[in-house]
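Residues per chain, in single letters:
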Amino acid sequence: MNCRKFITVILSTILLLPALPAQEFSDTLRRVVVTDSGQGRMLETLGGVSGTVNVDKIKAVPSFLGNADPIRFVHLLPIVQVNTESDGGIYMQGSEYSHTRLSIQGVPVYGASHLLGFFSVFNPSHYRSMDYSTTAGQTTRLGGSIDMVLRDKIISRPEGEFSAGLLSAQGTLGVPTGRNSTLYLSGRKSYINLLYSPFLKFDDDPLAYSFFDANLTWVWKPTARDRIWIDAFGGKDHGYIYYSKTTSDAWADWYNALAGLHWNHYYANSVLKQSLYDTLNGLDAQLVIATESGRMPSHIHTYGYRATYEQGGFEAGADVAYHRVQPQNPVAEGHFNTTIDASEQLQEGVEAKLHASYSRFVGAYTELKAGLGGIWYLSPEKENYWGLTPQAEVNFFIPNGGKLGFRYGLTRQVLYQTGLTNAGVPCEFWLLAGKLCGPQWADNFSLAYNLDFGRRPEEWSFSAEAYYKLLHNQLEYFGTIMSIMDTNYSVYKSLVPGEGRAYGVNLMLQKNDGPLTGWISYAFGRSLRTFENPLHSNTYPSNHERPHEFKAVATYDFGKLDVGGTFFAASGNPYTSPNSLYIIGDHLICNYGEHNASRLPAYVRLDLSVNWYFHKGERNSNGLNFSMYNALGRRNAAGYGVHADEEGKYTFRPTSLSVRFLPSLAYFHKF
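Keep in mind it's a predicted model, so treat the numbers as computed, not measured.

## Side note on the overall build of the protein
Part 1 of the reasoning: The helix and strand tally for the protein stands at four helices and 44 strands.
Part 2 of the reasoning: Across the 671 residues of the protein, 56% fall into the buried class.
Part 3 of the reasoning: Across the protein, contacts joining residues at least 24 apart in sequence account for 64% of those joining residues at least 6 apart.
Part 4 of the reasoning: Summed over all atoms, the accessible surface of the protein reaches about 27600 Å², with 59% contributed by carbon and sulfur.

Now the structure itself:
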C-alpha cells in the first residue's frame, strides 16, 4: 500500500469512529496541553517535537553582548544544528535553512539574521511568544517551523522595556490608543564599531558592521469576538571587511521589510484566522580583488493571503502567494579589461494550496490525526505543477509511562535557497522552481517519545525523536567565491540537481521546576545529497551537516541574581578543499578536489551570563546584565578560504571570526 492510499484509509477510519464522551476527552487532553506562555516556564515542550518559548523569560540564558535573542535560543535545542559565527541559519533535523518556515504571525520572513548570525531580526520584547515544531505542517515548506507570535494584550497605561549595552540599544513601548486598542513600537540600533572594532575581526582582518530594525504593531479589539492586528517590520545590515594580505575587500548590504493585516474572528466553539501580507528580503554583496570587482545582487518579494478555520479537532485552510524573485545577478568588472553581466532574469510565480485535517481520540489513550492538502504552482516558464500533501499521526498515551507518537507527512516546496556557504558573507540567494528543477518534495517519517516525571508534576521531562527524510529535487551550489570573476559565469552552471536523505535521533533531558532549570541534549544526524552530474556523480554530506552535537543549558535563580551558562560541542561542517593553487598573471586559480570531502575542526563554545536585578517585580524591574561570549577563548572555524602571507604565499585553510573572550555589560529596565 503506498503512502497516499494509507492516508486515505486512516482519514476514512477516523471520520467513522465514534467520539469519546466529553469528560473522558477532557481528562486525556490535559495530559498534553501546553500551559499559558505568558505566565509559564521559559520553555514548554509538547512531545519533544514542538513547543512554545516564553520570550520574556529567556533573559536568564546567556546572550550575545547583552541581547536576548529567540532564534539563538532555538539553537540550544537538539532539533536545531549548532551554527558557526558567520551563519545564522535554522537547520532543523538535516533539512536546509530554506526548508524551515520562519514567520511573524504566519507571515514568512526570508532573511532572519543580523551580524552574520549573531542576532536574529526578531526583537524579543516586541512579541508575546515563539512557537516551534519539527514539522511545518501544511505550509509550503519541507522542514520545521518557527513562528513569532504578536502581542494581543490591550493595555490601559503605557508600558515597555529597553536595554542599552556596549554593542546596541533596543526598546519596546506599548501605548493605549483607546479603550479597545494598543500600539506597540520597537526599535534596535547597533554601534558595534565604537568599542568593539579592535575585537571583531574575521581571520585577523578588520570587520566593520552596523544594523538597525524597527517594528510597529497595532492591536484592535472592535468586538468581544474580533481581534485585528496591523503589523509592519523593517531592517537593514551593512558589513565591510578588508583583507590586508591580498589587498582585497568585501561588503554586503541585506535588508528585510514586512507588512501584514491579520483578523481573527472567534465563534462560540471555533475561530477563523485571516492574513493579508507583503514580505521582502534583498542582498547586495561585492568582492574587490586588486583591479577586479564582482557584485551579487538578489532579492525575493512575496504578496500573499492565508486563512484557517479551526473547530475542535478539525482544521481547514487556504494559502495563495505571488512571488517575484531576482536570483543572484553577478556583475563583474576589470576581468581582462571587460565587464561581465550575467543578467539573470526576474522570476515570477504563483502558488496556491488548500488543506484540511482532523484529529480524534479513540478510546482513552489513543489519538489519531490525518490531513490532506493539494498544491498548485505556476512557474516562471508558465508551466503548471500540482501535487498532494497527505499527513498522518498516531499518538499513544501510556498510563504513567509517557507519550509515544508516529508521524508521516509528504511536503512540497517551490522556493529554493542556495549559493555560497561558509564564505564569511551572506551570499545565498532565492530562486523559483522550474527552469532547472521542478518543485522539491519530501517524505518525512518520525517516531517520538516524551515522559514527564519527578516528585512534582512535570518536574523533569525526557524526550526522544528518531527521524528519516527522503528529499527529492534538491539543488546544490558547486560554485566558489571566485566564480563571479569568470566571463562564462552563470548561476545555473553552478547548480546541480539531485536527491537527498537525512536521518538521526535527538535526545533531551530537561529540568523544569525549581531555582535550577535547564537541560542536556545529544543529537546524532546525517544529511546526505546524491548527484548524477558527470562532474559530481557521488553522494556527499550537505554543507551544514554536523553528525554529533552535545548541548548543555543551565540557569539558577538566586532571587535578585540570575546566573546562566550554555555549552556546545559539535562536529565540524564539511567543505571542499582545493588540490592545488597557482597563479596565472595576476589571477589566482584554485583546482578544487572532491565536493565536501574535508571537514572543519570540531566546534566548542561556552557562554556565561549574570543578571543582577536592582528591583525585580512582575511589572517593573531593572538591573545589569554581564555576559561572556566564548568564555573558553577557543578560536572556532567560521568557514574556509584562501590566505596569503607576507611573502605572497597562498594557502587554503579555515577562517575564523575573532571573538575570543568577548565580554559585555548592559543595563535593562522594564516598566
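## Remarks on the nonpolar core
Part 1 of the reasoning: Residues Phe73, Phe122 and Ile146 are the most contacted members of the largest nonpolar core, which totals 48 residues.
Part 2 of the reasoning: Among the elements of the structure, α3 (70-74), β3 (101-104), β7 (127-133), β8 (145-150), β14 (226-243) and β35 (561-570) are those that each provide at least two residues to this core.
Part 3 of the reasoning: Apart from the residues within four sequence positions on either side, Ile146 is in contact with Ile71, Val74, Ile90, Met92, Arg101, Leu102, Ser103, Met130, Asp131 and Tyr132.
Part 4 of the reasoning: Counting residues in each nonpolar core, the second largest holds 18 residues, with Leu415, Leu431, Tyr477 and Val491 among its members.

## Observations regarding the side chain of His323
Part 1 of the reasoning: Following the sequence through the fold, His323 ends up in strand β19 (residues 314-326).
Part 2 of the reasoning: There is a polar contact of 2.7 Å between the side chain of His323 and the side chain of Glu351.
Part 3 of the reasoning: When sequence neighbours within four positions are dropped, the list of residues in contact with His323 reads Tyr110, His301, Thr302, Gln347, Glu348, Gly349, Glu351, Leu415 and Leu432.

## Quick word on the pattern of salt bridges
Part 1 of the reasoning: Evaluation of the coordinates by the stated rule reveals 18 salt bridges.
Part 2 of the reasoning: In this structure, Arg599 and Glu545 form a salt bridge, with 2.8 Å as the shortest nitrogen-oxygen distance. Within this pair, whereas Arg599 is found in strand β39 (residues 598-599), its partner Glu545 is found in the loop between β33 (538-541) and β34 (548-557), the two being separated by 54 residues in sequence.
Part 3 of the reasoning: The class for Glu545 is buried, based on a relative accessible area of 1%.
Part 4 of the reasoning: Ionic contacts of the salt-bridge type, sharing partners, join the residues Arg151, Lys153, Glu159 and Arg619 into one network.

## Here's the deal with the sheet that holds strand β4 (residues 107-108)
Part 1 of the reasoning: Spatially, the six strands line up as an open sheet ordered β1-β2-β7-β8-β3-β4, and their pairing is mixed. Each edge of the sheet is formed by a strand with only one pairing partner; in this case those strands are β1 (43-46) and β4.
Part 2 of the reasoning: Pairing of β1 with strand β2 (residues 50-53) involves four bridges; the strand directions are antiparallel. Residue pairing in the sheet places Thr45 in a bridge with Gly51 of β2.

## Examining the packing of aromatic side chains
Part 1 of the reasoning: Following the criterion strictly, the structure yields 18 aromatic pairs and no others.
Part 2 of the reasoning: Seen in terms of ring centroids, Tyr91 and Tyr97 are 6.1 Å apart; in terms of plane orientation they differ by 55°. Their pairing is tilted.
Part 3 of the reasoning: Of the residues examined, Tyr91 reaches a relative accessible area of 6% and is grouped as buried.
Part 4 of the reasoning: Centroid distance Tyr303 to Tyr322: 6.1 Å. Interplanar angle 15°. Geometry classified as stacked. Highlighted residues: Tyr303 in strand β18 (residues 298-311) and Tyr322 in strand β19, separated in sequence by 19 residues.
Part 5 of the reasoning: Here Tyr322 falls in the partly exposed class, since its relative accessible area comes to 28%.
Part 6 of the reasoning: Lying across the ring of Tyr467, Lys469 places its NZ or CZ 5.8 Å from the centre.
Part 7 of the reasoning: When the ring centre of Trp460 is taken as origin, the NZ or CZ atom of Lys511, which lies over that ring, is 6.0 Å away.

## Description of unusual backbone geometry
Part 1 of the reasoning: For Gln93, which is not glycine, the phi torsion reads 50° and is therefore positive.
Part 2 of the reasoning: Judged by its relative accessible area of 4%, Gln93 is buried.
Part 3 of the reasoning: One non-glycine residue with positive phi stands out, namely Lys382, at about 65°.
Part 4 of the reasoning: Positionally, Lys382 belongs in the loop between β23 (366-378) and β24 (384-388).

## With respect to the confidence of the model for the protein
Parts of the prediction with low pLDDT should not have their coordinates interpreted in detail.
Part 1 of the reasoning: In the predicted model, the protein carries a mean pLDDT of 82, and 78% of its residues have values of at least 70.
Part 2 of the reasoning: Note that pLDDT drops below 50 for residues 1-39; the model gives that stretch 57 contacts with residues more than four away or on any other chain.
Part 3 of the reasoning: pLDDT under 50 marks residues 335-342. Its contacts with residues more than four places away, or in other chains, come to 24 contacts.

## Describing the side chain of His126
Part 1 of the reasoning: Structurally, His126 is set in the loop between β6 (119-120) and β7.
Part 2 of the reasoning: Take His126: its relative accessible area is 1%, and that puts it in the buried class.
Part 3 of the reasoning: Engagement of the side chain of His126 in a polar contact is seen with the side chain of Thr217, the distance being 2.7 Å.
Part 4 of the reasoning: Beyond its immediate stretch of four places on either side in the chain, His126 contacts Leu150, Arg151, Thr172, Tyr184, Leu185, Ser186, Asn215, Leu216, Thr217 and Asp231.

## Focus on the environment of Glu549
Part 1 of the reasoning: Along the chain, Glu549 turns up in strand β34.
Part 2 of the reasoning: Here Glu549 falls in the buried class, since its relative accessible area comes to 3%.
Part 3 of the reasoning: When the C-alpha atoms of Glu549 and Pro78 are compared, they prove to be 7.8 Å apart, with 471 residues separating the residues in sequence.
Part 4 of the reasoning: Apart from the residues lying within four places of it in its own chain, the contact partners of Glu549 are Val80, Gln81, Val82, Ser521, Tyr522, Ala523, Ala569 and Ala570.
Part 5 of the reasoning: There is a polar contact of 3.0 Å between the side chain of Glu549 and the backbone nitrogen of Val82.

Reading the values: the criteria
- Going along each chain's sequence as written, the residues are numbered from 1 onward.
- Given that this is a predicted model, residues contribute local features only at a pLDDT of at least 70 and side-chain atom pairs are listed and counted only at 80 or more, while totals for whole chains, interfaces and linings are drawn from all residues.
- With hydrogens and water excluded, all non-hydrogen atoms of the structure serve as input to the side-chain values.
- Numbering of helices and strands starts at the N terminus; helices are DSSP runs of H or I of at least 4 residues and strands are runs of E of at least 2.
- Buried residues are those whose accessible area, probed at 1.4 Å on protein chains only, stays under 20% of the maximum for their type, while exposed residues exceed 50% and partly exposed ones sit between those limits.
- Note on contacts: a residue pair is in contact if any heavy atoms of the two residues lie within 4.5 Å.
- Each accessible area is a Shrake-Rupley estimate made with a 1.4 Å probe; only the visible protein chains count as cover when residues are assessed.
- Working definition of a nonpolar core: buried Ala, Val, Leu, Ile, Met, Phe, Trp, Tyr and Cys residues. They are joined through side-chain atoms within 4.5 Å.
- The term polar contact refers here to a pair of N or O atoms within 3.5 Å; inside protein, the definition further demands a hydrogen-donor-capable atom paired with an acceptor-capable atom, and it admits residues adjacent in sequence only when both atoms are side-chain atoms.
- When a carboxyl oxygen of Asp or Glu is within 4 Å of a side-chain nitrogen of Lys or Arg, the pair counts as a salt bridge.
- Between any two strands, at least two bridges found by DSSP are needed for them to pair.
- Two rings from Phe, Tyr or Trp (for Trp, the six-membered ring) form a pair when their centres are within 6.5 Å of each other. A pair whose planes differ by under 30 degrees is stacked, one over 60 is edge-to-face, and the rest are tilted.
- Remark: a charge is flagged as sitting over a ring if the NZ atom of Lys or the CZ atom of Arg is within 6 Å of the ring centre and within 35 degrees of the ring normal.
- Confidence per residue, as judged by the predictor, is encoded in pLDDT with a range of 0 to 100.

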